Amino acid sequence: MSNPAAEKLELVYDDQCPVCRIYCKNVIVDAGHDLHLIDARQGGDLMREVTARGLDIDEGMVLKIGSDLYYGSDAMHQISMRAQTKGWVSYVNRLFFMSPERARVFYAVGKKCRNAVLRILGIEYIDNLKPENTLKHQLGDQWALLNPNIQERFDKEPALGEKIQYEGVMHDIRRSRMGWLFAVLTRIIGNPLTPYAGCDVPMDVSLFKKPHKSGVFWQRTYFYPDKNPYSVISIKRESKDGEMLECVGGGFGMKLKVYVEDQSLHFKSYRFFWSVLKFKVPLPHWLTPGKTHVVHEDLGGGDFQFTISMHHGLLGETFYQQGVFRKKEG
């Protein structure tokens with residue numbers, strides 16, 4: 001039962017990090033204080049305040065006492081001064097965090113351990129300082145050069161539980177023999193490419209987000225005649241370093257340059273990579289299906305043209321698709 005006269009402490013931490021969770025759920029403050037644990041991944045008013053203050057929760061916990069926010073090693077130092085003197089957590093507090101100087105040193109070590117654990121377990125960073133709209137952030141001043149209809153289309157990313165859907169027809173789907181081979185071989189990482197060619201193939205596109213996953217999922221479903229629906233899925237997101245990435249299964253993906261030309265939106269790849277423990281290992285160009293170029297061009301009346309081409313330096317064109325789409329209503 002909480003003591004109404006006790007000083008209220010609110011500690012924001014990452015509950016998916018085992019290191020953070022074990023520490024926070026075992027720390028016990030003395031009777032004069034009332035500790036509340038807040039999972040940063042669940043959002044809320046305090047998390048919004050943390051973000052508004054420009055504090056990167058991936059770089060440090062946050063402790064709120066009254067109207068004051070203490071960050072990283074300062075938060076740990078404040079907790080250590082209010083913690084009980086019994087138990088193993090109390091011993092850790094006294095040994096590592098009782099003085100501000102020791103807290104700075106050992107918190108930096110603990111942060112590296114936390115990041116290593118997330119890499120090993122494949123847990124995404126919280127990334128609370130990421131821009132609300134990745135595309136706008138990538139384009140910067142070029143956003144104003146886009147066709148107004150394209151601006152409206154991409155003005156907001158889908159919220160959790162929401163799907164933005166488009167429907168249309170891929171009028172031309174080509175792939176070379178080597179393109180077919182790339183598509184077949186990459187099925188093991190989740191169908192990032194379609195192995196089939198065709199004309200006037202109906203297609204649906206869905207944009208959505210998933211809990212605890214950064215970025216926007218793009219699912220493209222082809223309805224080839226006499227075949228089961230074939231879905232291709234990828235995730236567009238921005239890295240901590242500000243790079244635009246398109247990721248598929250197995251940790252594979254490509255880095256993209258995003259720009260505006262003739263009021264149309266362009267995505268052009270410049271490096272494929274394989275992500276291992278959060279490290280991006282660059283892949284040689286000859287080992288990939290080719291440089292990718294995607295163009296979103298507005299046609300007016302709610303329609304837009306989508307074009308994707310992949311060109312290999314040695315093998316020539318491996319994939320080409322072009323179709324016309326519009327937003328699905330209802």
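Residues numbered from 1 in each chain as written. Predicted model: local features only at pLDDT ≥ 70, side-chain atom pairs only at ≥ 80, totals over all residues. Heavy atoms only, no water.

## Some points on the overall build of the protein
Alright, step 1. When helices and strands are tallied, the protein shows 8 helices and 15 strands.
Alright, step 2. Oriented by its inertia axes, the alpha-carbon framework of the protein measures out at about 75 × 40 × 40 Å.
Alright, step 3. Relative to its full complement of 330 residues, the protein shows a buried share of 45%.
Alright, step 4. Here the contacts in the protein between residues at least 6 apart in sequence split such that 53% fall between residues at least 24 apart.
Alright, step 5. Looking at the protein as shown, the accessible area adds up to about 17,400 Å², and 55% of this sits on carbon and sulfur atoms.
Alright, step 6. The averaged location of the 39 negative side-chain charges in the protein is 6 Å from the averaged location of its 43 positive side-chain charges. (Helix = DSSP H or I, 4+ residues; strand = E, 2+ residues; numbered from the N terminus. Buried < 20%, exposed > 50% of the residue type's maximum accessible area, 1.4 Å probe, protein only. Contact = heavy atoms within 4.5 Å. Areas by Shrake-Rupley, 256 points an atom, 1.4 Å probe, with all protein chains shown as cover. Lys, Arg positive; Asp, Glu negative; His and termini not counted. Charge placed at Lys NZ, Arg CZ, Asp CG, Glu CD.)

## Remarks on helix α4 (residues 88-97)
Alright, step 1. Along α4, the residues classified as buried are V89, S90, N93 and F97. Seen end-on, α4 carries its buried residues on one side only, within an arc spanning 105 degrees.
Alright, step 2. Lining the buried residues of α4 we find α1 (18-24), α3 (73-82) and α5 (100-121). (Arc of directions from axis to C-beta.)

## Some thoughts on the environment of L185
Alright, step 1. Position of L185 among the secondary structure elements: in helix α8 (residues 177-185).
Alright, step 2. Sequence-wise, L185 and R21 are 164 residues apart; in three dimensions their C-alpha atoms are separated by 40 Å.

## Considerations on the pattern of salt bridges
Alright, step 1. This model, assessed by the stated rule, comprises 19 salt bridges.
Alright, step 2. Across the pair E10 and K8 runs a salt bridge, and its minimum N-O distance is 3.9 Å.
Alright, step 3. Taking the relative accessible area as the measure of exposure, K8 reaches 44% and is therefore partly exposed.
Alright, step 4. A network of salt bridges, in which partner residues are shared, links D14, R41, D58 and R114. (Salt bridge = Lys/Arg side-chain N within 4 Å of Asp/Glu carboxyl O.)

## Observations regarding the nonpolar core
Alright, step 1. Core analysis: the largest hydrophobic core is formed by 38 residues, its most contacted members being L135, L139, Y222, L265 and F267.
Alright, step 2. Excluding residues within four positions of it along the chain, L135 makes contact with W143, F154, E157, V258, L265 and F267.
Alright, step 3. If you look at the next biggest cluster of nonpolar residues, it comprises 23 residues, including A83, V89, F97 and I123. (Core = buried A, V, L, I, M, F, W, Y, C linked by side-chain atoms within 4.5 Å.)

## A look at the packing of aromatic side chains
Alright, step 1. Per the counting criterion, the structure on display carries 11 aromatic pairs.
Alright, step 2. Summarising the aromatic geometry, the rings of Y196 and Y230 are spaced 5.6 Å apart at their centres and angled 80 degrees between planes, so their arrangement reads as edge-to-face. You can see Y196 sitting in the loop between α8 and β6 (198-208) and its partner Y230 sitting in strand β8 (residues 230-238), a full 34 residues away along the chain.
Alright, step 3. Take Y196: its relative accessible area is 27%, and that puts it in the partly exposed class.
Alright, step 4. A centroid spacing of 6.5 Å and a plane angle of 90 degrees characterise the contact between F306 and F325, whose relative ring orientation is edge-to-face. Of this pair, F306 sits in strand β14 (residues 303-312) while F325 sits in strand β15 (residues 316-327), and the two are 19 residues apart along the sequence.
Alright, step 5. For F306, a relative accessible area of 15% puts it in the buried group. (Phe/Tyr/Trp six-rings, centres within 6.5 Å; stacked < 30°, edge-to-face > 60°.)

## Some details on the sheet that holds strand β2 (residues 33-39)
Alright, step 1. Pairing is mixed in the open sheet, where 4 strands are placed in the order β2-β1-β3-β4. Taken across any chain shown, the strands that pair with only one partner, and hence form the sheet edges, are β2 and β4 (68-71). Each neighbouring strand pair of the sheet contributes to a mean axis angle of 20 degrees, computed without reference to strand direction.
Alright, step 2. Sheet topology note: the strand β1 (residues 7-13)/strand β3 (residues 62-65) ladder contains 4 bridges and is antiparallel. Residue pairing in the sheet places L11 in a bridge with L63 of β3. (Pairing = 2+ DSSP bridges. Axes fitted to C-alpha atoms, helices over the stretch in contact; angles between N-to-C directions.)

## What about a nonpolar patch on the surface?
Alright, step 1. A cluster of nonpolar side chains, namely M178, W180, L181, L185, W286, L287, L314 and L315, defines an oily patch on the protein surface of about 850 Å² accessible area.
Alright, step 2. Relative to the helices and strands, L181 is located in helix α8. (Patch = residues over 30% accessible without salt bridge, like charges linked within 9 Å, V, L, I, M, F, W, Y side chains within 5 Å.)

## Looking at the pairing of β14
Alright, step 1. Of the pairings in the sheet, the one linking strand β13 (residues 291-300) to β14 comprises 9 bridges and is antiparallel in character. Within β14, the residue paired with V295 across the bridge is T307.
Alright, step 2. Where β13 hands over to β14, the hairpin turn is made up of 2 residues, of which G301 adopts a positive phi near 65 degrees.
Alright, step 3. Between β14 and the antiparallel strand that follows it, β15, lie 3 residues.

## Focus on unusual backbone geometry
Backbone phi values are negative for most residues with the exception of glycine, while trans is the configuration of most peptide bonds.
Alright, step 1. The backbone of D226 sits at a positive phi, close to 65 degrees, despite the residue not being glycine.
Alright, step 2. Secondary-structure assignment places D226 in the loop between β7 (216-222) and β8.
Alright, step 3. For D226, a relative accessible area of 84% corresponds to the exposed category.

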